[in-house]
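Each chain, written out:
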Amino acid sequence: MTRPSNRTESTPSANAPPGSEVIFLGTGTSVGVPSLGCECAVCTSDDPRNNRTRCAIVVRLPEGNLLVDTPPDLRTQLLREKISLVHAVLFTHEHVDHLYGLDDLRLFPFRLGHAVPLYCEHHVETRIRMVYDYAFSDRVPTHPGSAPQLSFEQITHDSFEVLGVEVTPIPMQHGPHFNVLGFRIGGFAYCTDTNHIPADSIERLRGVDTLVIDALRFKSHPTHFNVEEALEVINEIQPRAAYLTHICHDLDHGIVEPQLPDNVYLAYDGLRLPLPQ
């Protein structure tokens, strides 16, 4: 493993469609960093890259902004990145840290002229309908915008189209009890919240230019890759560049990133990357 002392950001792919980019809204674990009540070196760090909100990305496309997951920090994240409109949402899975910002979509239907489309598997739709039951009530609303207007586009493991691009689901496991999805768009793949990617899904990732992958910490964990396990997957897939996400307070950005292989980086909130074809 090469461990250079000085790192530079990866070079943008020449094949990136004009005007398309990936924006990292959040790169932290489920409790965020800083963690409540913690006074460790990372939680009290002055390095803004160590300030990690809950995981989500926006893929900015010519036909609109495609949001992946709705974490509890969503409003703050969108304001921070000056993203004023979301045109569609993909869901990786239904856990709280990836779902409980959904109500922040309430204002967007006024500008879209229709409900916000949610692309998710059936079990995720079931959870959303239960948690946000008020959004699907037959009761006449008291006023416009009192509840989010949402529509469902059920997805399977087959590729589908949204906002003019083809999206390929990447079936993965998130511990012993949960099946989750990563997503591939062209040469970009986003695989958060996993500790096992089956062989068939590895094949779906072959040839990817930029891979984002779960790497919680150095120690092993029952539902997330640790850094070593993530590096093994990266070595198997051989992307041009890889970014680790869903990071806890065990990883200090300025200390850990120089220890990583030349093409591997720690993602951070606000990071922007071109979307490779």
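In this report, the structure presented in the accompanying data block is examined. The structure presented is a predicted model; accordingly, all values stated were derived computationally and were not measured.

Procedures and definitions
- Residues numbered from 1 in each chain as written.
- Predicted model: local features only at pLDDT ≥ 70, side-chain atom pairs only at ≥ 80, totals over all residues.
- Heavy atoms only, no water.
- Helix = DSSP H or I, 4+ residues; strand = E, 2+ residues; numbered from the N terminus.
- Rg over C-alpha atoms; globule rule 2.2 N^0.38 Å.
- Buried < 20%, exposed > 50% of the residue type's maximum accessible area, 1.4 Å probe, protein only.
- Pairing = 2+ DSSP bridges.
- Axes fitted to C-alpha atoms, helices over the stretch in contact; angles between N-to-C directions.
- Contact = heavy atoms within 4.5 Å.
- Salt bridge = Lys/Arg side-chain N within 4 Å of Asp/Glu carboxyl O.
- Core = buried A, V, L, I, M, F, W, Y, C linked by side-chain atoms within 4.5 Å.
- Polar contact = N/O pair within 3.5 Å; in protein donor to acceptor, adjacent residues only side chain to side chain.
- Phe/Tyr/Trp six-rings, centres within 6.5 Å; stacked < 30°, edge-to-face > 60°.

With that settled, consider the overall build of the protein chain. Within the protein chain, the secondary structure is distributed over seven helices and 14 strands. For a compact globule of 277 residues, the expected C-alpha radius of gyration is about 19 Å, and the protein chain comes in at 18 Å, within 12% of that figure. The dimensions of the protein chain, computed from C-alpha atoms along their principal axes, are 60 × 40 × 40 Å. Looking at the protein chain residue by residue over its 277 residues, the buried ones come to 56%.

Let us now look at the sheet that holds strand E7 (residues 160-162). Across the sheet, which stays open at both edges, the seven strands sit in the order E7-E8-E9-E10-E11-E12-E13 with mixed pairing between neighbours. Both outer strands of the open sheet, E7 and strand E13 (264-266), are each paired with one neighbouring strand and no more. The mean angle between the axes of side-by-side strands here comes to 25 degrees, regardless of whether they run parallel or antiparallel. Inspection of the sheet shows strand E12 (residues 241-245) paired to E13 by three bridges, in the parallel sense. Looking at E13, one finds that tyrosine 243 is bridged to tyrosine 265. Across the sheet, helix H6 (residues 227-237) touches strand E11 (210-214), E12 and E13, and the angle it forms with E11 is around 155 degrees.

Here we take up the pattern of salt bridges. In total, this model carries twelve salt bridges according to the counting rule given. With a closest N to O distance of 3.3 Å, glutamate 203 and arginine 206 form a salt bridge. A relative accessible area of 48% means that glutamate 203 is categorised as partly exposed. Of the residues examined, arginine 206 reaches a relative accessible area of 31% and is grouped as partly exposed. Each of Glu21, Arg60, Arg80, Glu81, Asp269 and Arg272 takes part in one network of salt bridges that share partners.

Let's shift gears to the sheet that holds strand E2 (residues 56-61). Within a sheet, adjacent strands bond to each other through the backbone by hydrogen bonds, running parallel or antiparallel. Reading across the sheet, the seven strands line up as E6-E5-E4-E3-E2-E1-E14 and stay open at both edges, with mixed pairing between neighbours. The open sheet has two edge strands with one neighbour each: strand E6 (150-154) and strand E14 (272-274). Recorded for the sheet is a direction-independent mean angle of 25 degrees between the axes of neighbouring strands. As defined by bridge partners, strand E1 (residues 21-26) adjoins E14 across three bridges and the pair is classed as antiparallel.

Right, let's talk about the nonpolar core for a bit. Generally speaking, soluble globular proteins have nonpolar side chains that are buried together. In this structure, Leu66, Leu90 and Val162 are the most contacted members of the largest nonpolar core, which totals 30 residues. Contacts of leucine 66, omitting those with residues within four sequence positions, involve Ile57, Val58, Val59, Leu61, Ala88, Val89, Leu90, Val162, Leu163 and Ile185. Counting 27 residues, the second-largest nonpolar core is a separate cluster that includes Ile170, Ile213, Ile237 and Val264.

Summarising the element assignment, threonine 168 is placed in strand E8 (residues 165-173). Once you skip the residues sitting within four places of it in the chain, threonine 168 turns out to touch Ser159, Gly182, Phe183, Arg184 and Arg204. In this structure the side chain of threonine 168 is engaged in a polar contact, spanning 2.9 Å, whose partner is the side chain of serine 159.

In total, this model carries six aromatic pairs according to the counting rule given. Their ring planes at 10 degrees and their centres at 5.6 Å tell us that tyrosine 119 and phenylalanine 160 sit as a pair that is stacked. Remark: phenylalanine 160 occurs in strand E7 and tyrosine 119 occurs in strand E5 (residues 116-120); sequence separation between them is 41 residues. Summarising the burial analysis for this pair, tyrosine 119 and phenylalanine 160 share the class buried.

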